[in-house]
Amino acid sequence: NTPRSRRHGSLSLDNTMSDTSTDKSTQYKVILSHSGDEKYIVVKVKNRKDNSSYLAIVSHPLKYHSMIARQFESELGSNETLQVMGGGIIEVNRAEKKLRTYGQSGGYGPPQLETVKEILKNAPETRDYEIQVEITDYVRD
């Protein structure tokens, strides 16, 4: 499991966790625009103007992880930059308030397991969900 860092269009890709894993001031967001299972990406969004940042899990019912990244990037402010840190598949059961992650992105690679857990457990949107986090070798076409 070798960390990757590369550029994909205007997106910075880096699935390593350097400065955010134990920072108590980190903000978290989860954006899930579906029920059932779909692909997700883990991102760090940084504001160039005030140097603030947040970690997010973003999932839309789109075919490729890169499409999710491009759509989310288009929704950001002009001072915000996006760093993709991996991806996988997330299963959303809103009725039972359950989330399960598995798999990994063929293009971005797997996210850090602890980062996915950290975001899902701390984001206001998913704090009261039962969470099962796995990173597996499965890649969905």
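Scope of this entry: the structure provided in the associated data block.

1. Some points on the packing of aromatic side chains
Line of reasoning, step 1. In the structure shown here, the tally under the stated rule is one aromatic pair.
Line of reasoning, step 2. Here the basic side chain of Lys-29 rests over the ring of Tyr-54, its NZ or CZ set 4.4 Å away from the ring centre.

2. Side note on unusual backbone geometry
Line of reasoning, step 1. Of note, the phi angle at Asn-51 is positive, near 65°, even though the residue is not glycine.
Line of reasoning, step 2. Following the sequence through the fold, Asn-51 ends up in the loop between β4 (36-47) and β5 (53-59).
Line of reasoning, step 3. Positive phi, normally seen in glycine, also occurs at Lys-97, with a value near 55°.
Line of reasoning, step 4. The exposure class of Lys-97 is partly exposed, given its relative accessible area of 35%.

3. Quick notes on the side chain of Thr-126
Line of reasoning, step 1. Tracing the backbone through its elements, the reader meets Thr-126 in the loop between α2 (113-122) and β8 (130-133).
Line of reasoning, step 2. Residues within four places of Thr-126 in sequence aside, it is in contact with Val-30, Leu-32, Leu-99, Ile-119, Leu-120 and Ile-131.

4. With respect to the environment of Ile-135
Line of reasoning, step 1. With respect to the helices, strands and loops of the structure, Ile-135 is situated in the segment after β8.
Line of reasoning, step 2. Taking the C-alpha atoms as reference points, Ile-135 and Val-116, separated by 19 residues in sequence, lie 9.4 Å from one another.
Line of reasoning, step 3. When near neighbours in sequence (up to four residues on either side) are disregarded, Ile-135 contacts Tyr-40, Gly-103, Pro-110, Pro-111, Leu-113 and Val-116.

5. Some details on the nonpolar core
Generally speaking, a soluble globular protein has its nonpolar side chains buried in company with each other.
Line of reasoning, step 1. Within the largest apolar cluster, 17 residues are counted, with the highest numbers of intra-cluster contacts made by Ile-57 and Leu-120.
Line of reasoning, step 2. Taken together, the elements giving at least two residues each to this core come down to β3 (27-32), β4, β5, β6 (80-93) and α2.
Line of reasoning, step 3. With near-sequence residues (within four places) excluded, Leu-120 lies in contact with Val-30, Ile-57, Ile-90, Leu-99, Thr-101, Thr-126, Arg-127, Ile-131 and Val-133.
Line of reasoning, step 4. In this structure, Ala-69, Phe-72, Val-84 and Tyr-108 belong to the second largest nonpolar core, which totals 13 residues.

6. Section: the pattern of salt bridges
Line of reasoning, step 1. Here the structure, examined in full by the defined rule, presents six salt bridges.
Line of reasoning, step 2. Ionic pairing is found between Glu-96 and Lys-98, a salt bridge with its closest N-O pair at 3.2 Å.
Line of reasoning, step 3. In this structure Glu-96 comes out as partly exposed when scored by relative accessible area, which is 49%.
Line of reasoning, step 4. In this structure Lys-98 comes out as partly exposed when scored by relative accessible area, which is 32%.
Line of reasoning, step 5. Here Glu-114 and Lys-117 are joined by a salt bridge, their closest N and O atoms 3.7 Å apart.

7. Digging into the environment of Gly-106
Line of reasoning, step 1. By the element assignment, Gly-106 lies in the loop between β7 (98-102) and α2.
Line of reasoning, step 2. When the C-alpha atoms of Gly-106 and Arg-140 are compared, they prove to be 7.8 Å apart, with 34 residues separating the residues in sequence.

8. Topic: the pairing of β6
Line of reasoning, step 1. As paired elements, β4 and β6 share eleven bridges and run antiparallel to each other. By the bridge assignment for β6, Val-43 is matched with Val-84.
Line of reasoning, step 2. Two elements, β6 and β7, share five bridges in a ladder whose sense is antiparallel. Bridge assignment links Ile-89 to a residue of β7, and that residue is Tyr-102.
Line of reasoning, step 3. Taken together, β6 and the strand that follows it, β7, pair antiparallel across an intervening segment of four residues, in which Lys-97 is found at a positive phi of about 55°.

Conventions and cut-offs
- Residues numbered from 1 in each chain as written.
- Predicted model: local features only at pLDDT ≥ 70, side-chain atom pairs only at ≥ 80, totals over all residues.
- Heavy atoms only, no water.
- Phe/Tyr/Trp six-rings, centres within 6.5 Å; stacked < 30°, edge-to-face > 60°.
- Lys NZ or Arg CZ within 6 Å of the ring centre and 35° of its normal.
- Helix = DSSP H or I, 4+ residues; strand = E, 2+ residues; numbered from the N terminus.
- Buried < 20%, exposed > 50% of the residue type's maximum accessible area, 1.4 Å probe, protein only.
- Contact = heavy atoms within 4.5 Å.
- Core = buried A, V, L, I, M, F, W, Y, C linked by side-chain atoms within 4.5 Å.
- Salt bridge = Lys/Arg side-chain N within 4 Å of Asp/Glu carboxyl O.
- Pairing = 2+ DSSP bridges.

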